[in-house]
Structure formats: structure tokens, C-alpha cells
Amino acid sequence: MAAPVDVKIFDVKNTKLFINNTFSDSSSGKTFPTINPSNEKVIAQIAEGDKADVDKAVIAAKNAFADGGKWSKTSASRRGKYLWKVSELIMKYADELAYLETIDCGKPIAETKGIEIPLTADIFAYYAGAATKIEGETIPVSGNFFNYTLREPLGVLGLIIPWNFPLITAARKIAPAIAAGNTVVVKPSEFTPLSTLKLAEIFAEAGLPEGVFNVVTGYGKTAGAALVAHPDVDGIAFTGSTTTGQEIMKTAALTMKRLSLELGGKSPNIVFADSDIDTTVKMAAAAIFYNKGEVCTAGSRLLVEEKIHDEFLEKLAARAAKMVPGDPLNPETKLGPLASEVQLKKIQHYVDAGKSEGAKLLAGGNRIGHEGYYFQPTVFGEVNNSMKIASEEIFGPVLSTLKFKDFDDAVRIANETYYGLAAGIWTRDIKKAHTLARKIKAGTVWINTYNMYDAAMPYGGYKMSGFTRECGMESIYEFYTQVKSVWVDLN
Ligand code: NAI
Ligand code: MG
């Protein structure tokens, strides 16, 4: 947890679409409200972009990408310098970005200021360095030929962003896209558009040519869907629900778009009897309750070895009961309100389902107060994988705990899910830890830690948690560039 920070208050300045380095109203003139989940008040009215605005933004991005255009003549080194400048400006405006992210999403200011804004700046800094390191290969083909590969950008990319980590999930897409020479149209979540619009201002200040970076705010079913269907969009990178990911795949099939999908999870966090119990209790609570459980990799299924099960759960429930959410703008707050009313209703629905399916409520289970979407950290015991609360992504502060007998039992229970985003392993036995890491079907495995991220580390899902990896050079190779083979006759 980051140290307490000073809290500064800012006006919300940017509420419009950003196309060709200009902020403008939507074609229809319509707006939608964005809400502060800590008091349910409207923060600002945001331009509601739809298909007509997506068309404009895609034309801007396409013109910027076009052969002979400014962007196509921009060297990799120059692209890297732009990204470095963006990284610096993110830290220059860190207080404002943290404030916007906090009021729009209900995240504690200590986390936005102390963790998420610096991580966003890091992602841009990493890809600033990556821009000049995107290399092809020479291939030893048969016969008297010289063969080499070129790694080229795709063109115009549509980047569709969720509301749980608006800036970080946007940065993971925008930075590699720009590093590789693509142009982008970003569609932030209708619940949390503010920080992406500030980022637009930062891109303009960094001096990027017109049309390279565009933002269309609006709803998923209109603006988002139009981006996915657009014939001049060459790829879509999306983070969000598995259901929306499936819809995107269907639509994208018609224009054969390349996809990067980072979807839901139901990640097992596996605690063996030989782990340090007090530390692990603390970390297991953080694994599910960080960002109120609105984390794709949340450790939402806690598997505890039989021998320590009862003691562990007693300590965990006591810890959860002590975690009281509060005003996210208070620098001491560690837990904020849920992000929206939709989420509040969804969480209440899952708590009811848990109770009626026979799980045992050990902590929490209720909304707090009547203003703001505050919800108690909730722990269920005696859960099994056939219950809804164990199989479906809840995306809130609700932990389902399951008991296991031994190593093989843990593997079976952990992998019995359609998802495969992440997993945690807690043990002092390194052989057991590494053997289990290989057996888990998930894109990230944490051993004796949880929810660690780095711009350099590939991140993404197995199974229905999606495909392709974000972060690291992996994302440049898997998604943000395409390979061209060149043959030269030497005969
Ligand atoms: P969502 O997946 O519908 O929304 C994510 C983004 O996709 C938003 O920008 C939205 O406007 C856009 N979108 C929605 N429908 C679209 C469509 N047909 N075409 C193109 N873009 C579209 O998620 P939502 O409704 O915000 O949250 C619902 C549930 O999804 C959550 O309760 C949670 O379980 C899950 N979720 C998971 C996330 C993750 O990181 N794994 C992130 C956000 C939500
Ligand atoms: Mg909001």
C-alpha cells in the first residue's frame, strides 16, 4: 500500500470527443452523464459519440497512417520520444489524473496516486524504449535465396477500454500500438471516460501529429460496436467481459480483424498448509479486495488445504470484517465504493445466490449506507465449484472459499473453470510451487505474491479468459505488428 498523499481538487475540463487533435461535440449533439460512485452525483456530461463519430475518427486515423503521411515518415526513434514525453507528462499531471480516476471509478486516491498513475507512466516509458527494438529476422531458407522478415504495423486500431482500470488498461494498448507505428481510436468505458480524455490533452501537448491518437466517448452498443464493425479498422484490442468479447469476435469475423481479447477470470488462489498463515491471510484478502474486487485477476476462489482450513478462514473473516470502505478522496482510505449501480445490483444478486445455494456467509454481505455504492468485503465458506459464486465472475468484493485435501485435489479444483486468467500459489516448498505453476491452466501464476504487474511482463488469458498477451515485447509480436517475408533471388 502506498503512503498517504496530499489530495488536490481539479475542475473537469475535457468532456468532448478528441479527433485530429481537436476536442469537439458529438455529431448528434447528445451527451451522457458520468457519475461519481462515492456520492451518486453527476460529475460531468460527456459527448456521446456514435457511428458517425467513429467514422470521422477512423478517417482521421487512416489519413494519419496513410503512405506518405506524416506518421508513416516518423522514425521509430521519434515515436519512442513521443511516448517518453507522454510518460513524463503523465507524471507532471499525476495529481489531476489521480483525482479524475478516483472520482470517476471510486478508487482510493492513495492507490491512484501511489500505484496506478506511476504504473501508467511506466508502461509508456517501457514502450518508448521498445519502439526502436522491433526487429525482423533473417531466415536460412533452402536454395540460393536471401530471406528476411519485416515487422510492420497493422494500421488503424480500435482500443476498447473497461472501467475498472481505465488508464492502465488503456496504456497497455495505446503505448505498444504507437510504438509499432499504428494509429488508434480509443473508446473508453461510458462509466469512466475522464482520465482517457485527460490523456488526449496530454497527447496533444506531447506534439503527436493529427489523427494518430483519437478518442470517441460513448456507449458500447453504439460507438464500441461501430468501431468493431468498421471495415477500415484493422484490429481491435479489448478488455472487458467474456460475453462482450464473444460479441466482438462474431462481428470482427465479417471484416477479418485481428483481435486481442483480455476477458474475465475466476482465478484460484491456492494456500498450502506449509505457508506462513498470517502473511497469507493478509495477502489473500488483498488479492480479492484490492480495487473492491473489480479486478480481472482477482483471487476470487480461495483454495485452502484441509489441515489449516478452519483456522485460516476464521482469521480471514476477521480481517475482512475490519476492512471498512470509505471516501476514496480521503488519503487514508484503502477501499472505495463499487464503480456503479449496475455493479452494486450484480454483487447483491451474487450474495443472494451464494446464500440460497448453501454457501456459508462468514463476513460482510451487505450494502453500507444509502449514498454511494459501498459494499462490505464479503467471504463465503463451504463453497464448491458447482455453485454460481464459484463458477461465474462476480467482479466485486466477494470471496468464495473451497477446501482441498492434497496437491492433486488442488490442481483439479483450480482448473475446473472455463476461465484461465491467473492463479496464486502459497507454499514454502519450491518444488511443489513450480510443479503446480506448470499444471495450472492460466496466463499468469503468482508464487507467494499476488496481483503483481510490470510493463515488461506478458499478461493475458488461457481458455475463455481470452487470447494474445498484453505488455512486454510479446504484445508487439502477437498483436501490434504483422510479419512480412521478403525473398531475394541470389542465383
Ligand atoms: P463490457 O465488457 O460490456 O464493457 C467493456 C467495454 O466494452 C466498454 O468500453 C463498453 O462500452 C464496451 N462494449 C460493450 N459492448 C460492446 C459491444 N457490443 N461492442 C464493442 N464494445 C462494447 O463490461 P461492462 O458491461 O462494463 O461490465 C460487465 C461485467 O463485465 C462486469 O461486471 C465484469 O464481470 C466484467 N468485466 C470484466 C473486466 C475484466 O477486466 N475482465 C473489465 C470490465 C468488466
Ligand atoms: Mg463514473
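Residues numbered from 1 in each chain as written. Chains lettered and ligands numbered in written order. Predicted model: local features only at pLDDT ≥ 70, side-chain atom pairs only at ≥ 80, totals over all residues. Heavy atoms only, no water.

Examining the coordination of the magnesium ion (ligand 2)
For the magnesium ion (ligand 2), the protein coordination sphere consists of I35 (O), D104 (O), D104 (OD) and F191 (O), at 2.4 to 2.6 Å. Mapping the donors of the magnesium ion (ligand 2) onto the primary sequence gives the spacing I-x68-D-x86-F. Taken together, the residues I35 in strand β3 (residues 31-36) and F191 in the loop between β8 (183-187) and α6 (194-206) connect sequence positions 156 residues apart. (Donors = N, O, S within 2.8 Å, 3.2 Å for Na, K, Ca; no water. Helix = DSSP H or I, 4+ residues; strand = E, 2+ residues; numbered from the N terminus.)

Here's the deal with the site of ligand 1
Neighbouring ligand 1 are 26 residues, the closest being W163, K187, E190, S241 and K346. Within the side chain of T244, an N or O atom sits 2.9 Å from an oxygen atom of ligand 1. Between L263 and ligand 1, the recorded distance is 3.0 Å, taken from a backbone N or O atom to a nitrogen atom. Coverage of ligand 1 by the protein amounts to 89% of the 810 Å² it exposes when considered alone. (Near = heavy atom within 4 Å. Polar contact = N/O pair within 3.5 Å; in protein donor to acceptor, adjacent residues only side chain to side chain. Areas by Shrake-Rupley, 256 points an atom, 1.4 Å probe, with all protein chains shown as cover.)

A closer look at the sheet that holds strand β6 (residues 145-153)
With antiparallel pairing, the three strands of this open sheet are ordered in space as β5-β6-β20. Only two strands of the sheet have a single neighbouring strand rather than two, namely β5 (138-139) and β20 (481-489). Where β5 meets β6, two bridges bridge the pair, whose relative direction is antiparallel. If you follow T138 over to β6, its bridge partner there is Y148. (Pairing = 2+ DSSP bridges.)

With respect to the nonpolar core
Within the largest apolar cluster, 90 residues are counted, with the highest numbers of intra-cluster contacts made by F124, I174, F213 and F312. Counting residues in each nonpolar core, the second largest holds 30 residues, with I270, F375, F380 and F404 among its members. (Core = buried A, V, L, I, M, F, W, Y, C linked by side-chain atoms within 4.5 Å. Buried < 20%, exposed > 50% of the residue type's maximum accessible area, 1.4 Å probe, protein only.)

Digging into the pattern of salt bridges
One pass over the structure, following the stated rule, counts 24 salt bridges. A salt bridge links E96 to K198, with the shortest nitrogen-to-oxygen separation between them at 3.1 Å. In this pair, E96 is assigned in helix α3 (residues 94-105) and K198 in helix α6, connecting sequence segments 102 residues apart. Between K315 and D278 there is a salt bridge; the shortest N-O distance is 3.0 Å. Of the two residues, K315 sits in helix α10 (residues 306-322) while D278 sits in helix α9 (residues 277-289), which places them 37 residues apart along the sequence. According to the relative accessible area criterion, K315 is partly exposed, its value standing at 32%. One salt-bridge network, held together by shared partners, links K13, E96, K198 and E201. (Salt bridge = Lys/Arg side-chain N within 4 Å of Asp/Glu carboxyl O.)

Some points on the sheet that holds strand β12 (residues 268-271)
With respect to topology, seven strands assemble into an open sheet ordered β14-β15-β16-β13-β12-β17-β18, the strand pairing being mixed. Unpaired on one side and paired on the other, β14 (360-363) and β18 (444-447) mark the two borders of the sheet. Shown here is a sheet whose adjacent strand axes are inclined to one another by a mean of 25°, direction ignored. Here β12 runs beside strand β17 (residues 422-426); their pairing, made up of three bridges, is parallel. Directly across from I270, in β17, lies its bridge partner I425. Packing against the sheet, helix α11 (residues 341-356) makes contact with β14, β15 (378-381) and β16 (398-404), and its axis sits at approximately 25° to β15. (Axes fitted to C-alpha atoms, helices over the stretch in contact; angles between N-to-C directions. Contact = heavy atoms within 4.5 Å.)

What about the domain arrangement of the chain?
When its domains are assigned, the chain resolves into domain 1 (17-263 + 465-487) and domain 2 (268-459). Distance between the C-alpha centres of domain 1 and domain 2: 30 Å. If you look at the interface, domain 1 gives 38 residues, while domain 2 gives 38 residues. For the pair domain 1 and domain 2, the summed buried area comes to about 3000 Å², and 61% of that belongs to carbon and sulfur atoms. Contact with domain 2 buries surface across domain 1, with E40, W163 and S465 losing the most and accounting together for 18% of the total. The tally of links between domain 1 and domain 2 comes to one salt bridge. Between E40 and R367 there is a salt bridge, and its shortest N-O distance comes to 3.0 Å. Counting across the domain 1 and domain 2 interface gives 13 residue pairs in polar contact (both at pLDDT 80 or more). For the side of domain 1 that touches domain 2, the secondary-structure elements that each account for two or more residues are α3, α4 (109-130) and α15 (472-480). (Domains from an automatic or database assignment. Buried area = accessible area lost by both parts, 1.4 Å probe.)

Overview of the layout of surface pockets
When its volume is computed, the largest pocket comes out at roughly 1000 Å³. Surrounding the largest pocket, 39 residues form its lining, F238, G240, S241, T242 and T244 being those nearest its centre. Per-element tally for the lining of the largest pocket: the top contributor is helix α8 (residues 242-255), with six residues. Grouping the amino acids of the lining of the largest pocket by side-chain chemistry returns 16 nonpolar, 15 polar and eight charged. (1 Å grid on protein atoms, 1.4 Å probe; cavity = no way out; pocket = protein on both sides within 12 Å on 5 of 7 lines; lining within 4 Å. Points joined across faces, edges and corners; volume = space filled by probe spheres on them. Nonpolar A, V, L, I, M, F, W, Y, C, P; charged D, E, K, R; others polar.)

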